[in-house]
Amino acid sequence: MPGPSLPPPPDHASDIWPPPDHADLLAEREEALRELVPWYLGRRRALLFWLAAGLISVGWVAAWAGSRYVGMGDVVSVVLGVFFLAVAVGFVVPSTLAMTSGVRDDLEARERLRAWAGAGRDRDSLARWHSPGRALFWLLPSLLLCCFGSASAARAAAVDGSVRALGCAVVLAGTGALGMAKAVGYYRLVTRELTPAPEADPEGDRPDDMF
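Residues numbered from 1 in each chain as written. Predicted model: local features only at pLDDT ≥ 70, side-chain atom pairs only at ≥ 80, totals over all residues. Heavy atoms only, no water.

K.L.:
Tell me about the overall build of the protein chain, and please be specific about residues and values.
P.N.:
Helix and strand counts for the protein chain come out as 6 helices and 0 strands. Buried residues in the protein chain amount to 36% of all 211 residues. Put simply, 82% of the contacts in the protein chain that link residues at least 6 apart link residues at least 24 apart. Carbon and sulfur atoms form 67% of the exposed surface of the protein chain, whose accessible area is close to 11,700 Å². (Helix = DSSP H or I, 4+ residues; strand = E, 2+ residues; numbered from the N terminus. Buried < 20%, exposed > 50% of the residue type's maximum accessible area, 1.4 Å probe, protein only. Contact = heavy atoms within 4.5 Å. Areas by Shrake-Rupley, 256 points an atom, 1.4 Å probe, with all protein chains shown as cover.)

Quick look at the structure:
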């Protein structure tokens, strides 16, 4: 779960649209965006995410080297192999747990963003949504990682046949795909804010444009 400082989802449940406290709801929405957007697209979170992926790749290489040394059979090689395997565990396990926790937090924060996006539309709050620099900081490196990792994985599978190269490539491609999905999902939320809102039906029900 994201940190307790993040705003909870809106708890305004009403069958009438706009709700009687629409102005208060938009004010709460703007304040929520002020906190959620910088946290969700934080550059520090991106750097830590990529660092965790890099450590997993290093751990994978160490595990590959350790298994090769252990397979040699002599005492010195086995000792080296055990050392490399221990290094691999020390890198892979904490980094995987950290990345998994980060993805889980991102999913929860994204649901809160979706909930606040569905609470209404307010052109005055566009400044709270628009963070092109932060979004591009996630999107462009993630795109490069995904492309490079996918190309490396295809080459390793088709030419090299190296388990070491294939494992690192899969980690890079998966990391890039997750970062791209995050940035693209955010752009979709912003796009929704920029499109004209459908008119409510004659009975005053909520327009059917929510997520």
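K.L.:
Give me the lowdown on the packing of aromatic side chains, citing residues and values where you can.
P.N.:
The description of two aromatic rings rests on the distance between their centres and on the angle between their planes. All chains considered together, the criterion is met by 5 aromatic pairs. Linked through ring pairs, Phe49, Trp50, Phe137 and Trp138 together constitute an aromatic cluster. When the ring centre of Trp39 is taken as origin, the NZ or CZ atom of Arg45, which lies over that ring, is 4.0 Å away. Its end group placed over the ring of Tyr40, Lys182 keeps NZ or CZ at 4.6 Å from the ring centre. (Phe/Tyr/Trp six-rings, centres within 6.5 Å; stacked < 30°, edge-to-face > 60°. Lys NZ or Arg CZ within 6 Å of the ring centre and 35° of its normal.)

K.L.:
I'd like a rundown of helix H2 (residues 43-72), residues and numbers included.
P.N.:
The end-to-end C-alpha distance of H2, which contains 30 residues, comes to 44 Å, matching closely the 44 Å that a straight helix rising 1.5 Å per residue would cover. Where H2 is concerned, the buried positions are Ala46, Phe49, Trp50, Ala52, Ala53, Ile56, Ser57, Gly59, Ala62, Ala65 and Gly66. (Expected span 1.5 Å × (residues − 1).)

K.L.:
So, the side chain of Ser57: which residues are in play, and what are the values?
P.N.:
Relative to the helices and strands, Ser57 resides in helix H2. Ser57 gets classed as buried once you look at its relative accessible area, which sits at 9%. Look past the residues within four positions of Ser57 in its chain and what remains in contact with it is Cys168, Val171 and Leu172.

K.L.:
An account of the nonpolar core is needed here, citing residue identities and associated values.
P.N.:
By size, the foremost hydrophobic cluster in this structure holds 29 residues, and its most contacted members are Leu41, Leu113, Trp129 and Tyr186. Contributions of two or more residues to this core are made by helix H1 (22-40), H2, helix H3 (75-117), helix H5 (132-160) and helix H6 (163-194). (Core = buried A, V, L, I, M, F, W, Y, C linked by side-chain atoms within 4.5 Å.)

K.L.:
I'd love a proper account of the packing of H2 against H3, names of residues and values included.
P.N.:
Where H2 meets H3, the axes come as close as 7 Å, and the angle between the chain directions of the two elements is 155°. Put simply, H2 runs roughly antiparallel to H3. At the point where H2 passes H3, the crossing takes the left-handed sense. Looking at side-chain class alone, the contact of H2 with H3 contains 24 nonpolar, 8 polar and 3 charged residues. (Axes fitted to C-alpha atoms, helices over the stretch in contact; angles between N-to-C directions. Parallel < 35°, antiparallel > 145°, perpendicular 65-115°, else oblique. Left-handed = near helix turned anticlockwise from the far one by under 90°. Nonpolar A, V, L, I, M, F, W, Y, C, P; charged D, E, K, R; others polar.)

Read these as geometric descriptors, not functional statements.
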